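Observations on chain architecture
Spelled out from the first residue to the last, the chains are:
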Amino acid sequence: MHELGIIIHIAKTLDDIAVENELEKIGSVTLEIGEVSGIVPDYLTECWDYYRKKNPLMAEAEMRIEILPATTFCEACKKTYPTVAHGRICPHCGSEETYLLAGNECNIKEIEAC
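Presented here is a report on the structure given in the accompanying data block.

The rules behind the values
Residues numbered from 1 in each chain as written. Predicted model: local features only at pLDDT ≥ 70, side-chain atom pairs only at ≥ 80, totals over all residues. Heavy atoms only, no water. Helix = DSSP H or I, 4+ residues; strand = E, 2+ residues; numbered from the N terminus. Expected span 1.5 Å × (residues − 1). Buried < 20%, exposed > 50% of the residue type's maximum accessible area, 1.4 Å probe, protein only. Arc of directions from axis to C-beta. Contact = heavy atoms within 4.5 Å. Pairing = 2+ DSSP bridges. Axes fitted to C-alpha atoms, helices over the stretch in contact; angles between N-to-C directions.

This part is about helix 1 (residues 3-21). With 19 residues, helix 1 should reach 27 Å at 1.5 Å per residue; the first-to-last C-alpha distance of 27 Å fits that figure. Residues Glu-3, Ile-6, Ile-7, Ile-10, Ala-11, Leu-14 and Ala-18 constitute the buried set of helix 1. For helix 1, the angular spread of buried residues about the axis comes to 140 degrees, placing them on one side. When the buried face of helix 1 is taken as reference, the exposed residues oriented beyond 90 degrees from it are His-9, Lys-12, Val-19 and Glu-20. Tucked inside the fold, the buried residues of helix 1 contact strand 1 (26-34), helix 2 (41-51), strand 2 (62-68) and strand 6 (106-113).

This is the structure in structure tokens:
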């Protein structure tokens with residue numbers, strides 16, 4: 001389960017931002033999670049609930065998750081398509097000359113201070 005490592009990294013980032021901005025508490029954090037990132041949102045939430053109790057800065061903070069759809073680009077026909085529904089084969093032209101454009105990321109989108 002790599003979700004705990006992700007939460008620890010987010011907590012360190014929040015600590016750094018709190019110092020830079022003289023924040024005492026974080027109210028919420030909104031994360032963008034790619035649809036094919038391999039991150040399990042339920043596990044991430046469980047890790048958040050566990051780890052935030054160890055950090056006074058984020059002890060009462062809510063974590064919000066927004067799922068970003070996975071999109072693939074086809075080099076042959078120059079079109080994009082939803083990755084999960086079609087995989088690596090372009091539904092427009094049948095080419096396998098494709099690559100993932102979006103959907104594998106994990107970003108902090110927003111931090112709300114209290």
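Resuming the write-up.
Before going further, it helps to spend a moment on the sheet that holds strand 2. On the basis of which strands lie adjacent, the open sheet formed by three strands has the order 2-1-6 and mixed pairing. Unpaired on one side and paired on the other, strand 2 and strand 6 mark the two borders of the sheet. Along the sheet, successive strands turn relative to each other by an average axial angle of 20 degrees, direction set aside. Docked against the sheet, helix 1 engages strand 1, strand 2 and strand 6, running at close to 45 degrees with respect to strand 6. Packed onto the sheet, helix 2 meets strand 1 and strand 2 and runs at close to 160 degrees relative to strand 2.

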